[in-house]
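So you can see what is in the structure, the chains are spelled out below.
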Amino acid sequence: MCSLFGMIDYGKAISETQKMKLIKTLSICCEKRGTDATGIAFITENRIQIKKKAVPARKFRFKLPRNTSVVMGHTRLTTQGNACYNYNNHPFLGYCENSTFALAHNGMIYNDKVLRQKYGIAKTDIETDSYIAVQLIEKQRAFTVKAIKDMAETVEGSFCFTLLDEKNNLYIVKGDNPIAVFHFKEIGLYLYASTEKLLKNTIQKVNFKQEYTKIDISTGEIVCFDKQGNSTKSSFEYPVCCLTHYFNTSKRERYSPFEKEYCRTYLEELIDFAENVGVSEEEVLLLFEYGFDEFEIEQLLENPIQLQCCITEILEKQHYMER
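A few words now on the sheet that holds strand β6 (residues 100-109). One open sheet holds the six strands; their spatial order is β5-β6-β7-β8-β12-β13, and the pairing between them is antiparallel. In the strand order of this sheet, the two ends are held by β5 (92-95) and β13 (231-235), each with one partner. Within this sheet the neighbouring strands show an average axis-to-axis angle of 20°, counted without direction. Relative to strand β8 (residues 170-174), strand β7 (residues 157-165) runs antiparallel, the two being bridged by five bridges. The residue bridging Phe-161 from the neighbouring strand is Val-173, located in β8. Packing against the sheet, helix α3 (residues 131-140) makes contact with β5, β6 and β7, and its axis sits at approximately 15° to β5.

Next up, the structure:
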């Protein structure tokens, strides 16, 4: 589990000090989803700059040039690729003939090795599965919405991507992993993070009292925000997964109605994350079986008291039904 975060300050109504405080606080709030590394991307003199380090956000030194309007960030929980080697950390830099770009990813891509072999993509020192998304776009040679769409339809796994190009356009590509965007229209500001709760915690901590509206982004959508605050939407084909999951003690598997194929799901990521915070696989699956979706389970994992209350209530209902 990682977190995406960032801002688009198109209204220029907040001071440089406020902006730094806001992005720093947002990154620290996102730290609960990953402490192995922190990174940001931004534009200066029409060039993409990436700063990243294998430290939690609270220890990351944020230093933005004056008048930076778009910041794209990532906090990392390592699943593949040692975070001690900084090239494995997000965001990643990509090169096309018409633009360079930065990419960050929350989720897991499980067919990266297959795609590298299928398309003859050269292996690099970067071990992170997310990097295949950069390479697929580079293979198109031009950074376009179509290149992003083709990439999103080619990778398999759980994902939400953010991308930043040289023109200060920020793209959000939503698969089945969550993303939340708040729009503070009166001051010309967007804030985003992987969950709504992270944004609300940030706003509360910095005592940011501006009114906002939530921007809805659905699975299978690509939303582009430009530096003037305008947004445009396009879509990509995202596979509808079979709702039936089969789990056993040695290997968790998902079966499609057409073929038997193992793939890592968002639910499995939650199970691994839960084990790190002392919640068992059985408890996560219990919630899932009783109608909680993955996003709701993630929210509960961030609130241990509420989580235990829900589990206790379910167990009491089971006990009552068995009597």
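Attention now moves to helix α5 (residues 196-205). Among the residues making up α5, those that are buried are Leu-198, Leu-199, Thr-202 and Ile-203. Taken end-on, α5 shows its buried residues confined to a sector of 135°, consistent with a single buried face. Pointing more than 90 degrees away from the buried face of α5 are the exposed residues Gln-204 and Lys-205. In this structure, the buried residues of α5 make contact with β1 (3-9), α1 (16-30), β9 (180-184) and β10 (189-193). Looking one or two residues past α5, Asn-207 carries a phi angle of roughly 55°, positive in sign.

A word on the packing of α3 against helix α4 (residues 145-154). It is at 9 Å that the axes of α3 and α4 come closest, and there the two elements cross at 135°. With respect to each other, α3 and α4 are oriented oblique. Here α3 and α4 pass one another in a crossing that is right-handed. For the pair formed by α3 and α4, the contact residues are Ala-133, Leu-136, Ile-137 and Gln-140 on the first element and Ala-147, Ile-148, Asp-150, Met-151 and Thr-154 on the second. Classifying every residue of the contact of α3 with α4 gives six nonpolar, two polar and one charged.

With that out of the way, let us pick up the side chain of Ser-194. For Ser-194, the location among the structural elements is in the loop between β10 and α5. A distance of 2.9 Å separates a polar atom in the side chain of Ser-194 from the backbone nitrogen of Leu-4. Excluding anything up to four places from it in sequence, Ser-194 contacts Cys-2, Ser-3, Leu-4, Arg-33, Asn-106, Pro-178, Ile-179 and Ala-180.

Turning next to the pattern of salt bridges. Tallied over the entire structure, the rule returns 10 salt bridges. The closest approach of N and O atoms between Glu-31 and Arg-58, which form a salt bridge, is 2.3 Å. On the criterion of sequence distance, the pair formed by Glu-31 in the loop between α1 and β2 (37-44) and Arg-58 in the loop between β3 (47-53) and β4 (70-76) is long-range, its members being 27 residues apart. For Arg-58, a relative accessible area of 49% corresponds to the partly exposed category. One salt bridge connects Arg-33 with Glu-298, and the closest N-O pair in it is separated by 1.6 Å. One end of the pair, Arg-33, is in the loop between α1 and β2; the other, Glu-298, is in helix α8 (residues 294-301), and 265 residues separate them in sequence.

Cis geometry marks the peptide bond from His-90 to Pro-91, where omega comes out at -5°. Unlike most non-glycine residues, Asn-67 shows phi in positive territory, near 70°. The class of Asn-67 is exposed, set by a relative accessible area of 54%.

The rules behind these values
- Residues numbered from 1 in each chain as written.
- Predicted model: local features only at pLDDT ≥ 70, side-chain atom pairs only at ≥ 80, totals over all residues.
- Heavy atoms only, no water.
- Pairing = 2+ DSSP bridges.
- Helix = DSSP H or I, 4+ residues; strand = E, 2+ residues; numbered from the N terminus.
- Axes fitted to C-alpha atoms, helices over the stretch in contact; angles between N-to-C directions.
- Contact = heavy atoms within 4.5 Å.
- Buried < 20%, exposed > 50% of the residue type's maximum accessible area, 1.4 Å probe, protein only.
- Arc of directions from axis to C-beta.
- Parallel < 35°, antiparallel > 145°, perpendicular 65-115°, else oblique.
- Left-handed = near helix turned anticlockwise from the far one by under 90°.
- Nonpolar A, V, L, I, M, F, W, Y, C, P; charged D, E, K, R; others polar.
- Polar contact = N/O pair within 3.5 Å; in protein donor to acceptor, adjacent residues only side chain to side chain.
- Salt bridge = Lys/Arg side-chain N within 4 Å of Asp/Glu carboxyl O.

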